[in-house]
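Spelled out from the first residue to the last, the chains are:
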Amino acid sequence: MEKYISDLKEKVGETRSDMALLDAAVKACGPTIYKSDTATVAASDKEELARVKKGFIAKKLGVTDEAKADAAIADAVAKYGKSVRAKHRPVMYYLIAKALKKGSVLKG
């Protein structure tokens, strides 16, 4: 959790993060955060972003509007910083849920 909190503060610029939402985002990732090749999101990989759209945005958050999903991903990438190659999956999910105003859905 510390590395995600650190990323939100240092890379995203959030001084007061929603810890319940971050915790829910970590849980939504499941075991993927424990494998080095799936712990991060490759924002430059179109297939990876399609998986995020289908598996997280559509399935977990219930958002099927492609334009909204694309805008939320673009917003998350912009906030995280394009120069940051290793974008931690829970932080990306957190930012996407916030952008879509679906934090309550994720928190369940």
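As a starting point, this report considers the structure included with it.

Scoring rules and cut-offs
- Residues numbered from 1 in each chain as written.
- Predicted model: local features only at pLDDT ≥ 70, side-chain atom pairs only at ≥ 80, totals over all residues.
- Heavy atoms only, no water.
- Helix = DSSP H or I, 4+ residues; strand = E, 2+ residues; numbered from the N terminus.
- Rg over C-alpha atoms; globule rule 2.2 N^0.38 Å.
- Polar contact = N/O pair within 3.5 Å; in protein donor to acceptor, adjacent residues only side chain to side chain.
- Contact = heavy atoms within 4.5 Å.
- Phe/Tyr/Trp six-rings, centres within 6.5 Å; stacked < 30°, edge-to-face > 60°.
- Buried < 20%, exposed > 50% of the residue type's maximum accessible area, 1.4 Å probe, protein only.

1. What to know about the overall build of the chain
Logical step 1: Secondary structure assignment for the chain yields six helices and two strands.
Logical step 2: What you see in the chain, going N to C, is helices and strands ordered as α-α-β-α-α-β-α-α.
Logical step 3: The C-alpha atoms of the chain give 12 Å as radius of gyration, which agrees with the globular expectation for 108 residues (13 Å, within 12%).
Logical step 4: Principal-axis analysis of the C-alpha atoms places the extent of the chain at approximately 30 × 30 × 25 Å.

2. Structural notes on the side chain of Ser-17
Logical step 1: The topology assignment puts Ser-17 in the loop between helix H1 (2-12) and helix H2 (19-29).
Logical step 2: Among the polar contacts listed, one links the side chain of Ser-17 to the side chain of Glu-14, at a separation of 3.3 Å.
Logical step 3: Those residues within four positions of Ser-17 in sequence are excluded, and the remaining contacts are Leu-8 and Tyr-94.

3. Thoughts on the packing of aromatic side chains
Logical step 1: Summed over all chains, the structure comprises one aromatic pair.
Logical step 2: Ring geometry for Phe-56 and Tyr-93: centres 3.9 Å apart, planes at 10 degrees, overall stacked. Placement of the pair is Phe-56 in helix H3 (residues 46-58) and Tyr-93 in helix H5 (residues 89-99), with a sequence separation of 37 residues.
Logical step 3: In this structure Tyr-93 comes out as buried when scored by relative accessible area, which is 9%.

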